[in-house]
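Listed here are the chains, written in short residue letters.
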Protein chains: 2
Amino acid sequence: MGKVIWHTTLSLDGFIAGPGGRMEWINGHSGPPPELFRAIVESLGAVLAGRRTYDEGISAVGGKVYNGAFSGPLFVLTHRPPGHPDPAVTFTGGDIREVMQTVREAAEGRDVAVLGADTARQCLDAGLVDELVVHLVPALLGDGVRLFDSAGEDWIDLSATSLETSGDLANLRYRVGPRRSPTGDRPAALRPR
Amino acid sequence: MGKVIWHTTLSLDGFIAGPGGRMEWINGHSGPPPELFRAIVESLGAVLAGRRTYDEGISAVGGKVYNGAFSGPLFVLTHRPPGHPDPAVTFTGGDIREVMQTVREAAEGRDVAVLGADTARQCLDAGLVDELVVHLVPALLGDGVRLFDSAGEDWIDLSATSLETSGDLANLRYRVGPRRSPTGDRPAALRPR
């Protein structure tokens with residue numbers, strides 16, 4: 001069975017976008033290495049994107065995912081499908097486990113990419129994310145859309161599987177580990193699959 | 001003249017400490033490589049720490065900075081010096097530029113390390129930080145003390161000077177660049193030195 005990969009660009013201080021989704025801060029920095037980019041895209045059988053990512057990062061650039069390199073099934077998680085439906089997209093909502101089940105079936109055994117912080121957080125909370133691939137950009141934003149927002153003292157442990165650099169970018173790949181707390185490990189989220 | 005180096009441990013999602021300054025999340029992960037650690041400490045002529053870093057990371061561990069590897073002048077930025085003075089520390093406050101001038105003089109031409117997010121932000125705002133050294137730990141905290149908090153659309157551009165890995169840690173060194181905004185570069189902060 002394929003993996004669920006949360007794939008994102010990230011500022012050094014933990015933002016995936018500036019205020020209002022602005023992305024000018026990535027300009028002037030290296031892009032991800034073409035081999036890594038190609039390897040990820042070729043592993044994918046489906047993509048699950050958040051509504052903000054769809055509106056600002058996919059629909060706004062001609063409906064292209066991964067600059068057009070990915071042409072498989074695209075699902076967008078939203079409570080309010082747009083008035084003008086996009087025939088290339090399946091708008092979906094409801095229980096995140098059921099949504100992911102549908103997306104995984106569409107992926108036909110290949111990997112699923114999750115794009116967007118809010119969608120990724122829902123998947124993380126449900127224990128549905130296997131890996132996290134981050135392209136770390138040298139910028140301090142101080143404000144914007146955070147990679148991960150979750151109140152309280154517990155944290156999610158990661159284990160590094162690949163740490164590479166390309167130009168001024170750090171390309172980091174992690175396996176998502178258990179949720180931990182200062183008073184001991186918490187039981188992992190139920191993994192119904 | 002020595003450089004001012006903001007030196008910190010960081011979670012992948014941009015926190016230097018958990019809620020209440022908790023640091024259990026670094027346990028079980030690699031430490032910084034000894035050569036890099038030694039090179040930084042040997043370059044230092046003085047350390048400027050924030051009050052929280054002093055209380056929780058220095059005073060609480062027997063007054064040791066860098067596990068005792070650094071024994072030079074230690075300054076702590078605070079508006080409220082502790083009731084029981086620490087003879088090994090100079091408590092200081094007021095205009096951050098004047099504070100840094102004093103710390104630099106104590107460093108006698110060697111580098112200055114800045115420890116603590118709030119102190120670093122004040123130094124950054126005044127254009128006083130030359131470099132940022134980060135040990136990036138594979139954990140998602142979601143809550144705690146943020147590396148950098150600054151409202152608005154502008155950001156600080158960094159340029160990578162060294163990106164290395166050791167175990168599951170990414171050790172990243174950046175030169176601090178200009179403050180930018182979506183509508184063009186903003187003038188850099190005054191640099192009175």
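These numbers were taken from a predicted model, which means no experiment stands behind them.

Student: Summarise the overall build of chain A; cite the residues concerned and give the values.
Tutor: A count of helical and extended segments in chain A gives 4 helices and 12 strands. In summary, chain A has a C-alpha radius of gyration of 16 Å against a globular reference of 16 Å for 193 residues, a match within 12%. Taking the principal axes of the C-alpha coordinates as reference, chain A spans close to 50 × 40 × 30 Å. Scored against the burial criterion, the 193 residues of chain A give a buried share of 42%. The contacts in chain A between residues at least 6 apart in sequence include a share of 74% that link residues at least 24 apart.

Student: Describe the relation of the copies chain A and chain B, with residues and values.
Tutor: Superposition of the two copies of the chain requires a rotation about an axis and a shift along the axis. For these two chains of identical sequence, chain A goes onto chain B by a turn of 180° and a shift of 0.0 Å along the axis, with RMSD 0.0 Å. What the superposition gives is, in effect, a two-fold axis relating one chain to the other. Of every C-alpha in chain A, the one belonging to glycine 14 of chain A sits nearest the axis of rotation, 2.1 Å from it.

Student: Go over the interface of chain A and chain B with me, naming the residues and quoting the values.
Tutor: If you look at the interface, chain A gives 35 residues, while chain B gives 35 residues. Taken together, the elements giving at least two residues each to the side of chain A that touches chain B come down to strand 8 (139-140), strand 10 (155-166) and strand 11 (169-181) of chain A. Here the side of chain A that touches chain B takes 8 residues from strand 10 of chain A, the largest share from any one element. Of the residues belonging to the side of chain A that touches chain B, the class tally is 20 nonpolar, 7 polar and 8 charged.

Student: So, the nonpolar core: which residues are in play, and what are the values?
Tutor: Side chains that are nonpolar tend, in soluble globular proteins, to be buried together. Counting residues in each nonpolar core, the largest one holds 113 residues, and the members touching the most others are Val47, Val114 and Val129 of chain A together with Val47, Val114 and Val129 of chain B. Sequence-distant contacts of valine 114 of chain A, that is, excluding residues within four places in its chain, are made with Val4, Ile5, Trp6, Leu48, Thr119, Ala120, Cys123 and Val129 of chain A.

Student: Please give an account of helix 3 (residues 96-107) of chain B that cites residues and values.
Tutor: Since there are 3.6 residues in each turn of an α-helix, residues three or four apart along the chain are aligned in direction. All names here are of chain B. A rise of 1.5 Å per residue sets the reference length of helix 3, with its 12 residues, at 16 Å; its end C-alpha atoms lie 16 Å apart and thus fit the reference within 8%. Considered for burial, the residues of helix 3 that qualify are Val99, Met100, Val103, Arg104 and Ala107. Down the axis of helix 3, the buried side of the element spans an arc of 135°, and every buried residue falls inside it. Exposed residues pointing more than 90 degrees away from the buried face of helix 3 are listed as Glu98 and Glu105. Tucked inside the fold, the buried residues of helix 3 contact strand 1 (4-11), strand 3 (44-50), strand 4 (74-77), strand 5 (89-92), strand 6 (111-115) and helix 4 (117-125). Downstream of helix 3 by one or two residues, glutamate 108 has phi in the positive range, about 50°.

Student: Got a sec to walk through unusual backbone geometry? Specific residues and values, please.
Tutor: Residues and elements named next belong to chain A. The phi dihedral of asparagine 67 is positive, around 55°, even though this residue is not glycine. On the secondary structure map, asparagine 67 appears in the loop between helix 2 (51-58) and strand 4 (74-77). Look at asparagine 67 and you get exposed, because 11 C-beta atoms sit within 10 Å.

Student: Break down the pairing of strand 4 of chain B for me, citing the residues and quoting the values.
Tutor: Residues and elements named next belong to chain B. Neither face of strand 4 is left uncovered, since the one carrying Leu74 and Val76 and the one carrying Phe75 and Leu77 both have all their residues buried. Across 4 bridges, strand 3 lies against strand 4 in parallel orientation. If you follow alanine 49 over to strand 4, its bridge partner there is valine 76. Read from strand 3 through helix 2 (residues 51-58) to strand 4, the crossover connection turns out right-handed. Direction of pairing for strand 4 relative to strand 5: parallel, over a ladder of 4 bridges. Within strand 5, the residue paired with leucine 77 across the bridge is threonine 92.

Student: Tell me about helix 2 of chain A, and name the residues and values.
Tutor: Residue and element names in this part refer to chain A. Regarding helix 2, the residues found buried are Arg51, Thr53, Tyr54 and Ile58. One side of helix 2 carries all its buried residues, which in axial view fall inside an arc of 165°. Buried residues along helix 2 sit in contact with strand 3 (44-50), strand 4 and strand 6 (111-115).

Student: An account of the environment of glycine 94 of chain B is requested, with residue identities and associated values reported.
Tutor: Position of glycine 94 of chain B among the secondary structure elements: in the loop between strand 5 and helix 3. Counting along the chain gives 16 residues from glycine 94 of chain B to threonine 78 of chain B, while the straight-line C-alpha distance between them is 8.6 Å.

Criteria and thresholds
- Residue positions within a chain follow its written sequence, with the count starting from 1.
- Here chains are named by letter from A upward and ligands by number from 1 upward, in the order in which they appear as written.
- Residues qualify for local features only when their pLDDT is at least 70, as the model is predicted, and side-chain atom pairs are given and counted only at 80 or more; totals for whole chains, interfaces and linings, by contrast, use all residues.
- Helix numbering and strand numbering both begin at the N terminus, where a helix is a DSSP run of H or I of at least 4 residues and a strand a DSSP run of E of at least 2.
- Throughout, the radius of gyration refers to the C-alpha atoms, and the reference size of a globule is 2.2 Å times the residue count to the power 0.38.
- Counts of 20 or more other C-beta atoms within 10 Å of a residue's own C-beta define buried residues, counts of 12 or fewer define exposed ones, and intermediate counts define partly exposed ones; C-beta atoms are placed from the backbone.
- The contact criterion used is a C-beta to C-beta distance within 7 Å, with each C-beta placed from the backbone.
- For this overlay, a least-squares fit was computed on C-alpha atoms, restricted to residues scoring pLDDT of at least 70 in both copies.
- Any residue outside Ala, Val, Leu, Ile, Met, Phe, Trp, Tyr, Cys, Pro, Asp, Glu, Lys and Arg is labelled polar, Gly included; the first ten of those are nonpolar and the last four are charged.
- The term nonpolar core refers to a group of buried residues, namely Ala, Val, Leu, Ile, Met, Phe, Trp, Tyr and Cys, whose C-beta atoms join them within 7 Å.
- To estimate how far a helix should extend, the number of its residues minus one is multiplied by 1.5 Å.
- Regarding the arc, it is the one traced by the directions from the helix axis to the C-beta atoms.
- Pairing between strands requires that DSSP locate at least two bridges from one strand to the other.
- Classification remark: right-handed applies to a crossover when, strands pointing away from the viewer, the course from the first strand over the helix to the second runs clockwise.

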